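Structural overview
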Number of protein chains: 2
Amino acid sequence: MVPFGSESGLSDPNGLRWLDHAAIAVADIDAALPYYEETLGLKVVHDEIADDPGVRLCYLDAGNAYIQLVEPVRPGPVQQFLDEHGEGLHHICFAVDDIPRMLAAADDGNGVQVFMGGRERLACFLSGTPTGVLIELTETTPHGG
Amino acid sequence: MVPFGSESGLSDPNGLRWLDHAAIAVADIDAALPYYEETLGLKVVHDEIADDPGVRLCYLDAGNAYIQLVEPVRPGPVQQFLDEHGEGLHHICFAVDDIPRMLAAADDGNGVQVFMGGRERLACFLSGTPTGVLIELTETTPHGG
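Notes on the structure follow.

Conventions and cut-offs
- Residues numbered from 1 in each chain as written.
- Chains lettered and ligands numbered in written order.
- Predicted model: local features only at pLDDT ≥ 70, side-chain atom pairs only at ≥ 80, totals over all residues.
- Heavy atoms only, no water.
- Helix = DSSP H or I, 4+ residues; strand = E, 2+ residues; numbered from the N terminus.
- Rg over C-alpha atoms; globule rule 2.2 N^0.38 Å.
- Buried < 20%, exposed > 50% of the residue type's maximum accessible area, 1.4 Å probe, protein only.
- Areas by Shrake-Rupley, 256 points an atom, 1.4 Å probe, with all protein chains shown as cover.
- Lys, Arg positive; Asp, Glu negative; His and termini not counted.
- Charge placed at Lys NZ, Arg CZ, Asp CG, Glu CD.
- Contact = heavy atoms within 4.5 Å.
- Least-squares fit on C-alpha atoms with pLDDT ≥ 70 in both.
- Pairing = 2+ DSSP bridges.
- Axes fitted to C-alpha atoms, helices over the stretch in contact; angles between N-to-C directions.

Quick look at the overall build of chain A
- Each helix and strand in chain A was counted, giving three helices and eight strands.
- Listing each helix as α and each strand as β along chain A from the N terminus yields β-α-β-β-β-α-β-α-β-β-β.
- By the compact-globule yardstick of 15 Å for 145 residues, chain A fits well, its C-alpha radius of gyration being 15 Å.
- Its C-alpha atoms give chain A principal-axis dimensions of roughly 40 × 30 × 30 Å.
- Here chain A holds 145 residues, and the buried ones make up 51% of them.
- Surface summary for chain A: the accessible area is close to 6100 Å², and the carbon and sulfur share equals 49%.
- Separation of charge centres in chain A, based on 7 positive and 23 negative side chains, amounts to 6 Å.

So, the environment of Ala32 of chain B
- Looking at the element boundaries, Ala32 of chain B is found in helix 1 (residues 29-39).
- Ala32 of chain B sits 17 residues away from Gly15 of chain B along the chain, and the two C-alpha atoms are 33 Å apart.
- Apart from residues no more than four positions distant in its own chain, Ala32 of chain B is found in contact with Thr131 of chain A together with Val26 and Leu69 of chain B.

Considerations on the relation of the copies chain B and chain A
- By a simple turn and slide, chain B fits onto chain A: the slide is 0.0 Å along the axis, the RMSD is 0.0 Å, and the turn is 180°. The transformation just described matches what one would write down for a two-fold rotation axis.
- In this assembly, 100% of the residues forming the interface of chain B have copies in chain A that are likewise at the interface, indicating an isologous arrangement.

Remarks on the sheet that holds strand 1 (residues 16-25) of chain B
Residue and element names in this part refer to chain B.
- Taken together, eight strands build an open sheet; the order of strands is 2-3-4-1-5-8-7-6 and the sheet is mixed. Pairing within the sheet leaves two strands with one partner each, and these edge strands are strand 2 (43-50) and strand 6 (114-116). When strand polarity is set aside, the average angle formed by the axes of neighbouring strands in this sheet is 30°.
- Relative to strand 8 (residues 135-139), strand 5 (residues 88-96) is paired through five bridges, and the arrangement is parallel. Residue pairing across strands places Ile92 opposite Ile135, the latter belonging to strand 8.
- The sheet strands contacting helix 1 are strand 1, strand 2, strand 3 (55-61) and strand 4 (66-72), and the helix crosses strand 3 at an angle near 10°.

Structure (structure tokens):
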């Protein structure tokens, strides 16, 4: 568990800034998109293959945050999730300013792994969330940007 | 399935406006809160019992949206979810201007039930979402407000 909260809440440069996205694991993004685009009226603003996690990530603009569709492109945790749970809500992701700085400032003794997530942003998944929720962090700006 | 998307996207008065909250089903909000408040640094901005769904709803401010903790106070769908899945992500909720108007404008042939949700806002759950995701709508302003 990485404690990085503080009394200053969302204004803490080592803490959460906002909810970046809610992610939905799907077997086939192309098959899922008509519901999100046509029925819900959301627009795709980004679509990529993230090589290292091995997932296709499709971001739909919900105004204040993204809905992210996640499709595995090879075996891995998302495929395992689909095999065990079927399609559904997979994780939520908060934006933070600087993941390495935040992890250094916090108690990062649980070996949180930092990787290149969607939209060229460093990301990590928190360990030890106590209520069955997978929580990702992503940086507020592209890596090197 | 209720089609209410349009080419005008989030500016359509009969469509989605923004992501209101991501909801997490928990067995005990009091036990869950220290992680969200102290570790994540989020602040509780609203806490209520919604009588008709029979749930306690606790809203934490994530800046641009809420994280909603949902605890069943009597048997019902959320208790059933906990029994079957354990704690975890339960639904996402989008804000819309006027649920009855929206349902009237859309093809509402699936008998979507409108109820008084959290923060004195009319709410409904969409039927027929195709990717295993429970999607709620809530109005942008309190009922009668």
